[in-house]
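The residues making up each chain are set out below.
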Amino acid sequence: MKVIDKPLIVGGNQLGVFQAYTDIEPELTVTPDTPKMSRVLPAPFFYEKRLFFYLINRIEPGGKHGFPNGGFEVRDEGGALRSYDLDQVIIHPQVIKHKKTLDKMMRRAEKEQKKRERQRKKSTKPDKPSSGKRGRPALDPAVKAARDAEKTARAARSGGKRGRPASGVLKPQTPKVTSGKRGRPSLTPEAISQRVSARAATRARSGGKRGRPKSARR
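Since the structure is predicted, the reported quantities are computational estimates derived from the model, not experimental observations.

Asker: Please explain the side chain of H92 as it appears in this structure.
Answerer: Take H92: it is sitting in the loop between β7 (89-91) and α1 (93-124). By relative accessible area, H92 is classed as buried at 4%. Residue contacts for H92: discarding those within four places in its chain leaves R39, V40, L41 and K49.

Structural data, given as structure tokens:
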């Protein structure tokens, strides 16, 4: 819902603007079924919500002389009668808030009434006959004897042991062959001699110096 300014045209000339509502929510719309003397809020007084205005009459278009487009007759708190267009009056939001509060109170009263009825039915419900013992009822002697016989047969089949019986098939295991030493294997004499020769040749080319040789350019 918004309050907008509409041009005030009299005799084809605009004499100013007046306030009206647009995009009115359905619960705030004043309908023909809205009771008279309901609290309403005209658009010119939208920001002065403490004032009191009461609905006197809703006039449909053409229903009364002086209201070609329809309108409302509203009485202010001083008793003066005011006239507004159909898009200038809404039901006061405080009325909707009060109605929602009343609905909430009514729903709460209904819930409490249902709760009292359930408690009353529970209190008048006859108690179930009991043997005075709590827990699961005792087994029939025949059922108990059958269960004991089945348990004895299972124990005889398993030899008194619980769980899955061990398998008689043994998996072949191949022992791992190790030299007893950990880490990288030692080099052969041929590999050692090759590394020594390569290191001597590198030293001969560099003259015993490490790194890249200096450039002859300056």
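Asker: I keep staring at helix α2 (residues 141-158) and nothing clicks. Help me out?
Answerer: Side chains three or four residues apart in an α-helix point the same way, a direct result of the helix having 3.6 residues per turn. In this model α2 runs 26 Å from its N-terminal to its C-terminal C-alpha over 18 residues, within 8% of the 26 Å that 1.5 Å per residue would give. The N-capping residue of α2, defined by a side-chain oxygen 3.1 Å from the backbone nitrogen of A142, is D140. One or two steps after α2, the chain reaches G159, where phi turns positive at roughly 70 degrees.

Asker: Just checking my understanding: could you explain the side chain of E73 for this structure?
Answerer: Take E73: it is sitting in strand β5 (residues 71-76). Given the relative accessible area of 10%, E73 is considered buried. In this view, E73 contacts Y54, L55, I56, N57, I59, K64, F67, L81 and R82; residues no more than four positions away in its chain are not counted.

Asker: Would you mind showing me how to read unusual backbone geometry here?
Answerer: Negative phi is the rule for most residues except glycine; trans is the rule for most peptide bonds. One non-glycine residue, D23, adopts positive backbone phi at about 55 degrees. With respect to the helices, strands and loops of the structure, D23 is situated in the loop between β2 (13-22) and β3 (39-42). In this structure, M37 is a non-glycine residue whose phi angle is positive, near 70 degrees. Within the element layout of this structure, M37 appears in the loop between β2 and β3.

Asker: Would you explain the pattern of salt bridges in this entry?
Answerer: Side-chain pairs of opposite charge can arise where the charged atoms are in close proximity. Summed over the entire model, instances satisfying the criterion amount to 5 salt bridges. Linking E60 and R58 is a salt bridge whose minimum nitrogen-to-oxygen distance equals 2.8 Å.

Asker: What is the right way to look at the sheet that holds strand β4 (residues 53-59) in this model?
Answerer: Adjacent strands of a sheet pair through backbone hydrogen bonds, lying either parallel or antiparallel. Taken together, 5 strands build an open sheet; the order of strands is β6-β5-β4-β3-β7 and the sheet is antiparallel. Edge positions in the sheet fall to β6 (81-84) and β7, since each of these pairs with one other strand and no more. Adjacent strand axes in the sheet meet at a mean angle of 45 degrees, parallel and antiparallel pairs treated alike. In this sheet, β4 lies alongside β3 in antiparallel orientation, the contact comprising 2 bridges. Directly across from R39, in β4, lies its bridge partner Y54.

Asker: What is the right way to look at the packing of aromatic side chains in this model?
Answerer: By the definition in use, this model includes 4 aromatic pairs. Taken together, a centroid distance of 4.9 Å and an interplanar angle of 35 degrees make the contact between F45 and F53 tilted. Of the two residues examined, F45 and F53, each falls in the buried class. Judged by centre distance (6.3 Å) and plane angle (25 degrees), the ring pair of F52 and Y54 falls under stacked. Of the residues examined, Y54 reaches a relative accessible area of 28% and is grouped as partly exposed. Taken together through their ring pairs, the aromatic side chains of Y21, F46 and Y47 make up a single cluster. Stacked on the ring of F52, the Lys or Arg R39 has its end atom at 3.8 Å from the ring centre.

The rules we used
Residues numbered from 1 in each chain as written. Predicted model: local features only at pLDDT ≥ 70, side-chain atom pairs only at ≥ 80, totals over all residues. Heavy atoms only, no water. Helix = DSSP H or I, 4+ residues; strand = E, 2+ residues; numbered from the N terminus. Buried < 20%, exposed > 50% of the residue type's maximum accessible area, 1.4 Å probe, protein only. Contact = heavy atoms within 4.5 Å. Expected span 1.5 Å × (residues − 1). Polar contact = N/O pair within 3.5 Å; in protein donor to acceptor, adjacent residues only side chain to side chain. Salt bridge = Lys/Arg side-chain N within 4 Å of Asp/Glu carboxyl O. Pairing = 2+ DSSP bridges. Axes fitted to C-alpha atoms, helices over the stretch in contact; angles between N-to-C directions. Phe/Tyr/Trp six-rings, centres within 6.5 Å; stacked < 30°, edge-to-face > 60°. Lys NZ or Arg CZ within 6 Å of the ring centre and 35° of its normal.

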